[in-house]
Amino acid sequence: MIDEYRKGWALRYLREAKAELEAARKIPYMAPSLVVESIRKARNAIYYSLGEPAFIEVLIREEARKVKPTNDSVLRFLMEIEEMVQQLGHLEEVNGETMIKQADTLVQIATDIVEALTEERFEN
């Protein structure tokens, strides 16, 4: 079960991720920074819905240092999200439409996860 505090933050980050993504579609010259923010907020929504974000971040960092990859599919998924955030955060010249599509996919995944774990239906 998720407590009300984390549930509130998960839903807030998810709303903000969707708003940033929508803004990226409407303001193309700002799209790269808005998309990166959208992805970070989607990641944070997932983290809050799973538990304490600080612990999850530590777990991901420790797992990334290991030579042998984990068999845990959830942890591998979280590591892939973190890699996506890092990669998009460091790109200087990118195809804005490609970034928006990647972000849209991640925001939809975050929506599915948050809805499942909070038992709340997210309104678009």
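Everything here concerns the structure above.
Given the structure is predicted, the values throughout are model-derived calculations rather than measurements.

> What is the right way to look at the packing of aromatic side chains in this model?
Given two aromatic rings, one states the distance between the centres and the angle between the planes to describe the pair. Inspection of the entire model under this criterion finds 4 aromatic pairs. Arranged with centres 5.6 Å apart and planes meeting at 35°, the rings of Trp 9 and Tyr 13 form a pair that is tilted. Of this pair, Trp 9 and Tyr 13 both sit in helix H1 (residues 4-26), 4 residues apart, roughly one helical turn. For Trp 9, a relative accessible area of 26% puts it in the partly exposed group.

> Looking at this model, I keep getting lost on the nonpolar core. Mind explaining?
Note on soluble globular proteins: their nonpolar side chains tend to be buried together. Within the largest apolar cluster, 32 residues are counted, with the highest numbers of intra-cluster contacts made by Val 35, Ile 39 and Ile 60. Every element with two or more residues in this core is listed here: H1, helix H2 (31-50), helix H3 (53-65), helix H4 (73-90) and helix H5 (96-118). It is H2 that contributes the most residues to this core, 10 residues altogether.

> Is there a simple way to think about a nonpolar patch on the surface in this case?
Together, Leu 50, Val 74 and Leu 117 give the surface a local cluster of nonpolar side chains, amounting to about 230 Å² of exposed area. Counting through the fold element by element, Val 74 comes out in helix H4. Owing to a relative accessible area of 46%, Val 74 belongs among the partly exposed residues under this scheme.

> Sorry if this is basic, but what is going on with the pattern of salt bridges here?
Where side chains of opposite charge bring their charged atoms close, a pairing between them can arise. What the rule picks out here adds up to 12 salt bridges. The closest approach of N and O atoms between Arg 6 and Asp 3, which form a salt bridge, is 2.6 Å. When its relative accessible area of 33% is taken as the criterion, Asp 3 is described as partly exposed. Glu 16 serves as the salt-bridge partner of Lys 41, at 3.3 Å between the closest nitrogen and oxygen. Here the residue Lys 41 occupies a position in helix H2, and Glu 16 occupies one in helix H1, the gap between them amounting to 25 residues. Via salt bridges that share partners, Arg 12, Glu 16, Glu 20 and Lys 41 belong to a single interconnected network.

Analysis parameters
- Residues numbered from 1 in each chain as written.
- Predicted model: local features only at pLDDT ≥ 70, side-chain atom pairs only at ≥ 80, totals over all residues.
- Heavy atoms only, no water.
- Phe/Tyr/Trp six-rings, centres within 6.5 Å; stacked < 30°, edge-to-face > 60°.
- Helix = DSSP H or I, 4+ residues; strand = E, 2+ residues; numbered from the N terminus.
- Buried < 20%, exposed > 50% of the residue type's maximum accessible area, 1.4 Å probe, protein only.
- Core = buried A, V, L, I, M, F, W, Y, C linked by side-chain atoms within 4.5 Å.
- Patch = residues over 30% accessible without salt bridge, like charges linked within 9 Å, V, L, I, M, F, W, Y side chains within 5 Å.
- Areas by Shrake-Rupley, 256 points an atom, 1.4 Å probe, with all protein chains shown as cover.
- Salt bridge = Lys/Arg side-chain N within 4 Å of Asp/Glu carboxyl O.

Keep in mind these numbers describe shape, not what the thing actually does.
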